[in-house]
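# Descriptive analysis of the structure
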Amino acid sequence: MNPDKVNVLLLGSGGRESALAWKLSQSPSLGKLWIAPGNGGTDAYGVNVPIKPTDFEAIEEFVKANGVDLIIPGNEDPLVAGIYDYFEASPVEVLVAGPSRDGARLEGSKEFAKEFMGRHGIPTARHLSVTPATYNRGVEFLETLSAPYVLKADGLAAGKGVLIINDLDEARKALGEMLEGMFGDASATVVIEEFLSGIECSVFVLTDGAGEYRVLPVAKDYKRVGEGDTGLNTGGMGAVSPVPFVDDEFMAKVEERIIRPTVEGLRAEGIVYRGFIFLGLINVGGEPMVIEYNVRMGDPETEVVMPRLQGDLVKLLVKTAQGNLGDEPADTDPQPAVTVMMVSGGYPGSYPKGKKITGLENVTESVLFHAGTAKDTEGNIITAGGRVIAATSRGETIAEALERSYRSVGLVDFDGKYYRRDIGNEFIN
Ligand code: AMP
Ligand code: GLY
């Protein structure tokens, strides 16, 4: 590998991958960049290749044929399926920036994550894991809690596996239904949790698995589809960074009680982890607690984290994947970034696809990170998913950045376009 010309294969097709590709493309150390499969916008930064992120054999062929030096999995599926271990065992020499299959269990199994936190004294909600055989104990545990009740499918359920239920009878019933396969195999084990009340934020860490780590810009995403945090959960309708309530004192607690025990706990357990850790945190009266781990960057958080990250992302990820982060810098630019997601009407339920998107060329104040877009045979950009395009802007203040994103959103149009008008509202004035 020529460290000044690193050939990168990025896996995924969302707004997160657009933001990663955008940042990678600015790196002086980048050789070639491919995105598999990418979307209607990622070809501005590299070459899209039609390979599924979980098709390891096809990826291996591509790596061999094209001299890929570094694979960056954007989403969790290939990580949970063991892409790191696959290429460790493969005769093809290539780095993978991400956790091993064992490490990916922090996201792939909520039960594993809770037990890991328990072993390392990491603050999180009280819980009990339940299987069909222990349903009755689950009900007893529910009865010791007060409403609302939190029920989580142990395995990956496309972001839908968490139920928050106000009524005890309904919670008992839902527990039974989950164990009987409401989320397929993913809910054969259910984690029951105490409900925590507070404001959430997303903290991202890059760790080389050998003791070095960097804390990346902190973000907050807006998960509900409706204004005022109402309606169904989505992947995320917008994000801001920094998060005003996350001050130095809070971050010092996060680092001491959560980040270090996590990084050191993984090492102590011999779990290979060379990649991003996403800490979904909640601020409970000034004390940080972990809601969940993810083993990848967040979406749409990445669309505000990457613009604020100062540093050479290719170098950072090569060194991470080599287990040798050393003193490679990853500073945070103080200027805020915000992103507003334009989605297809109907999302997160069903929605039409193939709608022509217009006005993209008129946007000058924001970066448009494509998510669910594609190009039709004539080269028009069309909608191809629920979350369509994220408009990211910078500003001296969050308010100024938001004004820019909203002006940009106003210039882009497609049939059924919807977005939240209140992203970051609580941080204005
Ligand atoms: P998760 O998939 O674990 O992130 O859960 C989805 C969402 O459910 C989180 O972002 C929280 O808003 C909420 N949630 C999960 N666990 C809890 C909890 N123990 N207390 C309160 N809210 C929770
Ligand atoms: N925005 C939350 C996530 O990426 O899971």
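Here, every reference points to the structure presented above.
Just so it is clear, the model here is predicted, and its values are computed rather than measured. (Residues numbered from 1 in each chain as written. Chains lettered and ligands numbered in written order. Predicted model: local features only at pLDDT ≥ 70, side-chain atom pairs only at ≥ 80, totals over all residues. Heavy atoms only, no water.)

### Digging into the packing of helix 7 (residues 135-144) against helix 8 (residues 168-182)
Worth spelling out the cut-off: Lines fitted to the C-alpha atoms define the axes, with helices restricted to the stretch that makes contact. Angles between their N-to-C directions range from 0 to 180 degrees. Helical segments are the DSSP runs of H or I of at least four residues, strand segments are the runs of E of at least two, and each set is numbered from the N terminus. Roughly parallel here means an angle under 35 degrees, roughly antiparallel means over 145, roughly perpendicular means 65 to 115, and every remaining angle is called oblique. Crossing handedness is read from the near helix: turned anticlockwise from the far helix by less than a right angle, it gives a left-handed crossing, and turned clockwise, a right-handed one. In what follows, a contact means two residues having at least one pair of non-hydrogen atoms within 4.5 Å. Think of it as three bins: nonpolar holds Ala, Val, Leu, Ile, Met, Phe, Trp, Tyr, Cys and Pro, charged holds Asp, Glu, Lys and Arg, and polar takes everything else, Gly as well.
As a packed pair, helix 7 and helix 8 sit with axes 10 Å apart at the nearest point and diverge in direction by 150 degrees. What the angle tells us is that helix 7 and helix 8 run roughly antiparallel. Crossing handedness for the pair helix 7 and helix 8: right-handed. Contact residues: Y135, G138, V139, L142 and E143 in helix 7; L168, A171, R172, L175, G176 and L179 in helix 8. Considering only residue class, the contact of helix 7 with helix 8 consists of 7 nonpolar, 2 polar and 2 charged.

### So, the site of ligand 1
In plain terms, the rule: For this purpose, a residue is taken to be near a molecule or strand whenever a single non-hydrogen atom of the residue falls within 4 Å of it. Polar contact is the term for a pair of N or O atoms within 3.5 Å; when the atoms are in protein, one must be able to donate a hydrogen and the other to accept it, and sequence-neighboring residues count only if both atoms are side-chain atoms. Residue exposure ignores everything except the shown protein chains as possible cover, and the areas themselves are Shrake-Rupley values with a 1.4 Å probe.
Taken together, 14 residues lie near ligand 1, and E193, E194, L196, E200 and E292 sit nearest. Between ligand 1 and the protein, one listed contact pairs an oxygen atom with a side-chain N or O atom of K110 at 3.2 Å. Within the backbone of E194, one N or O atom sits 2.9 Å away from a nitrogen atom of ligand 1. When ligand 1 sits alone it has 470 Å² of accessible area, and the protein chains cover 87% of it.

### Description of helix 8
Heads up, the condition is: A helix is expected to span 1.5 Å for every residue after the first. Residue exposure (1.4 Å probe, protein chains only): buried if accessible area is under 20% of the type maximum, exposed if over 50%, otherwise partly exposed.
For helix 8, which comprises 15 residues, the first-to-last C-alpha distance of 18 Å sits more than 12% below the rise-based estimate of 21 Å (1.5 Å per residue). All of the buried residues along helix 8 are A171, A174, L175, G176, M178 and L179. Residues of helix 8 that are buried sit in contact with strand 7 (127-130), helix 7, strand 8 (149-153), strand 9 (162-165) and strand 10 (190-193). Backbone geometry just downstream of helix 8 places G184 in the positive-phi region, at approximately 60 degrees.

### Digging into the nonpolar core
Put simply, the rule reads: Only buried Ala, Val, Leu, Ile, Met, Phe, Trp, Tyr and Cys residues count toward a nonpolar core, and they belong to the same one when joined by side-chain atoms within 4.5 Å.
Among the nonpolar cores identified, the biggest contains 116 residues, and L9, I59, L70, I71 and V203 are the most heavily contacted of them. Considering each element in turn, this core owes the most residues, 7 residues, to helix 9 (residues 248-268). When residues no more than four places from it in sequence are discounted, the contact partners of I71 are L9, L11, I59, V63, I83, F87, V94, L95, V96 and A97. Counting residues in each nonpolar core, the second largest holds 19 residues, with L128, L145, Y149 and L151 among its members.

### Here's the deal with a nonpolar patch on the surface
Where we set the bar: Patches here: salt-bridge-free residues with over 30% relative accessible area, like charges joined within 9 Å, nonpolar side chains (Val, Leu, Ile, Met, Phe, Trp, Tyr) joined within 5 Å. For this document, the term salt bridge refers to a Lys or Arg side-chain nitrogen within 4 Å of an Asp or Glu carboxyl oxygen.
The grouping of V162, I164 and F195 at the surface amounts to a nonpolar patch, some 250 Å² of accessible area in total. Mapped onto the elements, F195 comes out in the loop between strand 10 and strand 11 (199-207).

### Regarding the site of ligand 2
Taken together, D221, G235, F278, R296, G298, D299, P300 and E301 form the complete shell of residues around ligand 2. D299 has a polar backbone atom sitting 2.9 Å from an oxygen atom of ligand 2. At a separation of 2.8 Å, a nitrogen atom of ligand 2 approaches a polar side-chain atom of E301. Coverage of ligand 2 by the protein chains reaches 88% of its 200 Å² of free accessible surface. Here the residues of the shell around ligand 2 are counted per class, giving 2 nonpolar, 2 polar and 4 charged.

### Details of unusual backbone geometry
Of note, the bond from A36 into P37 is cis; its omega dihedral lies within 30 degrees of zero at -5 degrees. Mapped onto the elements of the fold, P37 is located in strand 2 (residues 30-37). P148 follows A147 through a cis peptide bond whose omega is -5 degrees. When you line up the elements, P148 lands in the loop between helix 7 and strand 8.

### Side note on helix 2 (residues 56-66)
An α-helical turn contains 3.6 residues, so a residue and the one three or four places further along point in the same direction. Rules: Think of the arc as the fan of directions from the helix axis to the C-beta atoms.
Looking only at helix 2, the buried set comprises F56, I59, E60, F62 and V63. When helix 2 is viewed along its axis, its buried side chains cluster within an angular range of 165 degrees and face the same direction. Projecting away from the buried face of helix 2 at angles above 90 degrees are the exposed residues E57, K64 and A65. Of the surrounding elements, those touching the buried residues of helix 2 are strand 1 (6-12), strand 2, strand 4 (70-73), helix 3 (76-80) and helix 4 (83-89). Phi for G67, located one or two positions after helix 2, is positive at around 65 degrees.

### Re the pattern of salt bridges
Under the defined criterion, the tally for this structure stands at 25 salt bridges. Salt-bridge contacts for R119 lead to E269; the nearest nitrogen and oxygen are separated by 2.8 Å. You can see R119 sitting in helix 6 (residues 110-119) and its partner E269 sitting in the loop between helix 9 and strand 17 (273-284), a full 150 residues away along the chain. On the accessibility criterion, E269 (29% relative accessible area) is partly exposed. As a salt-bridge pair, D169 and R172 come within 2.4 Å of each other at their nearest N and O atoms. With D169 and R172 both in helix 8 and 3 residues apart, this pair spans about one turn of that helix.

### A short note on the environment of L9
Counting through the fold element by element, L9 comes out in strand 1. Along the chain, L9 and V68 lie 59 residues apart, while their C-alpha atoms are 6.5 Å from each other. With sequence-adjacent residues up to four places away left out, L9 is seen in contact with W34, A36, V49, I59, F62, V63, V68, L70, I71 and I72.

### A word on the side chain of E301
With respect to the helices and strands, the residue E301 is situated in the loop between strand 18 (287-294) and helix 10 (302-308). In terms of polar contacts, E301 uses its side chain to reach the side chain of S202, at 2.7 Å. Polar contacts involving the side chain of E301 include one to the main-chain amide nitrogen of D299, which spans 3.2 Å.

### Some details on the environment of G74
Structurally, the position occupied by G74 is in the loop between strand 4 and helix 3. The exposure class of G74 is buried, given its relative accessible area of 2%. Remark: the alpha-carbon pair of G74 and P288, spanning 214 residues in sequence, is separated by 26 Å. Leave out the neighbours within four places in its chain, and G74 touches L11, R16, E17 and R296.

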